[in-house]
Amino acid sequence: MKYPLALVNELMDVYGPNVRLRLGYNIGCVFSKTLSNSTLGDHAKTMVSSVVPAFHGHSHNRPCQLRWHPLYMDGAGLEDFEGCERFFSFSNGAAAGTRMSTAFHRHQAIEGLVCFWCDQKHLKSGE
């Protein structure tokens, strides 16, 4: 849990005390307890709340779903907190074409994939 705690610490420093952060994490229910018991706990109570992403939330037990699922959280809107999962699934398509390529061409293909993903997200934001 040291990396998520370090990330939360950095986010709290960057955004300041007046921002309310919702962090989607597959084990957000467990991480929330860890965060509250850490040295960041008192400061994080006012700024950070964990969310179990929508798809992963369905594998948790009912009390966990009612407390941590974004459907039941005020302020989560239509966000399902699964954006990273979608990107990694999309990026799997590059594996077959880059397996035997040089490091330069692999990096070039990955950069092209990320640029395409970003362009598509930007275009869809205007719909």
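About the criteria used
- Residues numbered from 1 in each chain as written.
- Predicted model: local features only at pLDDT ≥ 70, side-chain atom pairs only at ≥ 80, totals over all residues.
- Heavy atoms only, no water.
- Phe/Tyr/Trp six-rings, centres within 6.5 Å; stacked < 30°, edge-to-face > 60°.
- Helix = DSSP H or I, 4+ residues; strand = E, 2+ residues; numbered from the N terminus.
- Buried < 20%, exposed > 50% of the residue type's maximum accessible area, 1.4 Å probe, protein only.
- Pairing = 2+ DSSP bridges.
- Salt bridge = Lys/Arg side-chain N within 4 Å of Asp/Glu carboxyl O.
- Core = buried A, V, L, I, M, F, W, Y, C linked by side-chain atoms within 4.5 Å.
- Contact = heavy atoms within 4.5 Å.
- Axes fitted to C-alpha atoms, helices over the stretch in contact; angles between N-to-C directions.
- Parallel < 35°, antiparallel > 145°, perpendicular 65-115°, else oblique.
- Left-handed = near helix turned anticlockwise from the far one by under 90°.

### Some points on the packing of aromatic side chains
- By the definition in use, this model includes five aromatic pairs.
- Consider the rings of F87 and W117, whose centres lie 5.5 Å apart with planes at 70 degrees: the pair is edge-to-face. Remark: W117 occurs in helix α8 (residues 103-124) and F87 occurs in helix α6 (residues 83-91); sequence separation between them is 30 residues.
- One aromatic cluster in this structure is built from F87, F88, F90, F116 and W117.

### Side note on the pairing of strand β1 (residues 21-24)
- Burial of the side chains of β1 is restricted to one face: L21 and L23 are buried, whereas none of R22 and G24 on the reverse face is.
- One ladder, built from four bridges, connects β1 with strand β2 (residues 48-51); its direction is parallel. Looking across to β2, one finds that G24 is bridged to V51.

### As for the environment of Q108
- Tracing the chain through its elements places Q108 in helix α8.
- Taking the relative accessible area as the measure of exposure, Q108 reaches 43% and is therefore partly exposed.

### Digging into the pattern of salt bridges
- Counted under the stated rule, the structure contains one salt bridge.
- Close ionic contact of D80 with R86 constitutes a salt bridge, the shortest N to O distance being 2.3 Å.
- Residue R86 is classed as partly exposed on the basis of its relative accessible area, which comes to 43%.

### Thoughts on the nonpolar core
- Ranked by size, the top nonpolar core spans 11 residues in total: L5, V8, M12, L21, L23, F31, L35, L40, A44, M47 and V48.
- Looking at this core, the elements with two or more residues in it are α1 (2-15), β1, α2 (28-37) and α3 (41-47).
- A per-element tally of this core places α1 first, with three residues.
- In this structure L5 touches F31, T34, L35, S38 and L40, once residues within four positions along its chain are discounted.

### Comments concerning the packing of α1 against α2
- Packing of α1 against α2 brings their axes to within 11 Å, and their N-to-C directions diverge by 65 degrees. As the angle between them shows, α1 and α2 are arranged roughly perpendicular. As α1 packs across α2, the resulting crossing turns out to be right-handed. Two secondary-structure elements touch here, α1 through P4, L5 and V8 and α2 through F31, T34 and L35.

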